[in-house]
Amino acid sequence: MSERQTPIPRDFWADDTGLARERLDLSWGRTLLAVMTVTGLFLRWLPVHGPAAIIPVVLGVGAGLGLMHLRHNRRREMFAGEGDAVREVLGLTAMVLIVGASALALFASGLR
């Protein structure tokens, strides 16, 4: 006796009548706000570390702009019912790691 399996439609989310897409877009907005808030906090390092403290600020602003670009592209793809978030997640992960590494390097240089 064989079981009959129903095929999964090509666009799994096409019939989504819930608010999943809107919640996803709002979560990207909150992530952007968090990245820019942490970048603003790096400005507090200016008196201690001098002009070198600008490096994580510039990288953080770059990460924020990159995240805005990714969010805009993702929103367009999402409402068109295509694409996936792999590129966005990998890009965001890389940006956060680069900003964090620069901040750690700056902090470590001040401990000498």
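Up top is the structure these notes are about.
Criteria and thresholds
- Residues numbered from 1 in each chain as written.
- Predicted model: local features only at pLDDT ≥ 70, side-chain atom pairs only at ≥ 80, totals over all residues.
- Heavy atoms only, no water.
- Core = buried A, V, L, I, M, F, W, Y, C linked by side-chain atoms within 4.5 Å.
- Buried < 20%, exposed > 50% of the residue type's maximum accessible area, 1.4 Å probe, protein only.
- Helix = DSSP H or I, 4+ residues; strand = E, 2+ residues; numbered from the N terminus.
- Contact = heavy atoms within 4.5 Å.
- Phe/Tyr/Trp six-rings, centres within 6.5 Å; stacked < 30°, edge-to-face > 60°.

Asker: I would appreciate a short explanation of the nonpolar core in the present structure.
Answerer: It is characteristic of soluble globular proteins that their nonpolar side chains tend to be buried jointly. By size, the foremost hydrophobic cluster in this structure holds 12 residues: W28, L32, V35, F42, V57, A63, L67, L70, L92, M95, V99 and A103. Elements that contribute at least two residues to this core include exactly α1 (20-42), α3 (54-80) and α4 (86-109). Apart from residues no more than four positions distant in its own chain, A63 is found in contact with V35, M95 and V99.

Asker: Would you mind going over the side chain of T39 with me for this structure?
Answerer: Locating T39 in the fold gives a position in helix α1. Excluding anything up to four places from it in sequence, T39 contacts V57, G60 and V61.

Asker: Would you take a moment to explain the packing of aromatic side chains for this structure?
Answerer: In this description, an aromatic ring pair is defined by two values, namely the gap between the centres and the angle between the planes. Tallied over the entire structure, the rule returns two aromatic pairs. With a centroid separation of 6.4 Å and 35° between ring planes, the pair formed by W45 and F107 is classed as tilted. Of this pair, W45 sits in the loop between α1 and α2 (46-49) while F107 sits in helix α4, and the two are 62 residues apart along the sequence. Look at F107 and you get partly exposed, because its relative accessible area is 43%.

All we've got here are geometric facts, nothing functional implied.
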